[in-house]
Amino acid sequence: MMAGIWRFFVSLFDWRTACRKLTGRSLVDVVFITNMRDETDRKRYLGHWHPTSGHFNGPRYWLGDISGRTRALDITTAEMWTIKGRRRARELFISATRWAEQNGAKVILLAAGTKRLFEGDELVDLKARFPKIIFTIGDNGTVLLLIRETLRALQEAGLKPCYSRIAVLGPYGFLGEIMTKTLKGLGYEIVGAGPNPGGLEYIAREYGITTCRTFSEVGKVDAVVACTHSPDVSLSAEGINSVRRSDKKLLVIDVAEPSNLRYEEYLKCKEFVVRQDAGNAYSSRLEYVLGAISYRMFRLTRGVTFGCFAEALSLASALRKGDYVSKRDWMIVNDKNMELVTRMFERESFAIPSARCFGRPVKSFNLVPGEPKSQTRRASAWKLAMQRLHII
């Protein structure tokens, strides 16, 4: 019932889209196609209703005069793990893309679990079906934001290179490999963990780090950067206690969607962990239709969206301004793409948001239990590290 009411009022109060209809303009500029994270999302957005098309309108964004629309597939992350579920997700994605194109979208984001739906010949076929669409996974923007947020968190927590050990979960994925390379380059000791033996072997050989498949093999670490929601390396209260140092809280930087450390598990061990949402972007220019009701349903805060959404919105804006962004392959992450995204983010006023944990402010990054937050700031060292990575 409540889900239906929300959808009705979002449509009713989206006056800018109504103006576009009246003037014969396209309804959307960019569409974020995503699966639902879990049954909580399904309950919030659908209730007991199931769309006949298999996809439906989620939160709506406006970045200036750029219209962004979430188009959610009626399938959860867990359901996509099966062969049948993955096949159905691809079919629904193509159907949603067709809907987006018919409504004027020029940019489409493969969000959340859909990022890896199309690979090899399947991706070639997808692009051939929709030659006028720019497809992006949004990971160039997410990487930039994740690096900045991670370095800020490490600085705030006083975790210095050469003295701190960090676990990267899913080190062989796009985000995981770049975080491994970045932190290793700054002098941190890195251990990579994940269920993919071939990926771990490659990472160990390429970066000279220790890798393992289970938390029992990780050893003690000062921080965890979670770049995967794989159930094989999902943090739990038990896992956190096994890897954290006995006299310190564990810093967890969680970029995974759904979250690697689930809220239910976080509540069991919050006295021994400092967790930060990561990979998100903030812009004072970003608006949600229906405001706080919508961004809270997305488990976010005012002016904040996912890094991949920010990249897709910026691409649509750049395309409107006549930039040659369509000549790039936005399904890959590389230095040239990140350089361009950096400039686009600056133009659209996207930056890292204030530190949040499940949407609530992180009150302190102090890792010593019972000790008040240190007022010492190592801003100069943090700024130097950022400059070395060419991200400020």
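Residues numbered from 1 in each chain as written. Predicted model: local features only at pLDDT ≥ 70, side-chain atom pairs only at ≥ 80, totals over all residues. Heavy atoms only, no water.

**Side note on the sheet that holds strand E3 (residues 66–76)**
Across the sheet, six strands lie side by side as E5-E4-E1-E3-E2-E13; this open sheet has mixed pairing. What marks the edges here is a single partner per strand, and that holds for strand E5 (134–136) and strand E13 (286–288). Between one strand axis and the next, the sheet turns through 25° on average, direction left out of account. Pairing of strand E4 (residues 107–110) with E5, which is carried by three bridges, proceeds in the parallel orientation. From the neighbouring strand, Val107 faces E5, where its bridge partner is Ile134. (Pairing = 2+ DSSP bridges. Helix = DSSP H or I, 4+ residues; strand = E, 2+ residues; numbered from the N terminus. Axes fitted to C-alpha atoms, helices over the stretch in contact; angles between N-to-C directions.)

**Re the sheet that holds strand E10 (residues 250–254)**
What the six strands build is an open sheet, ordered E8-E7-E6-E9-E10-E11; its pairing is parallel. On the outer flanks of this sheet lie strand E8 (210–212) and strand E11 (273–277), each paired with one strand and no other. Averaged over all neighbouring strand pairs, the angle between strand axes comes to 20°, with direction disregarded. Against the sheet, helix H7 (residues 139–157) touches strand E6 (165–169), strand E9 (223–226), E10 and E11, its axis set at about 165° to E10. (Contact = heavy atoms within 4.5 Å.)

**With respect to the packing of helix H5 (residues 83–102) against helix H6 (residues 121–129)**
Here H5 crosses H6 at 20°, and the two axes come no closer than 11 Å. What the angle tells us is that H5 and H6 run roughly parallel. In the packing of H5 onto H6, the handedness of the crossing is right-handed. Between H5 and H6, the residues in contact are Arg90, Phe93, Ile94 and Arg98 and Glu122, Leu126 and Arg129, respectively. Here the contact of H5 with H6 is built from residues that sort into three nonpolar, no polar and four charged. (Parallel < 35°, antiparallel > 145°, perpendicular 65-115°, else oblique. Left-handed = near helix turned anticlockwise from the far one by under 90°. Nonpolar A, V, L, I, M, F, W, Y, C, P; charged D, E, K, R; others polar.)

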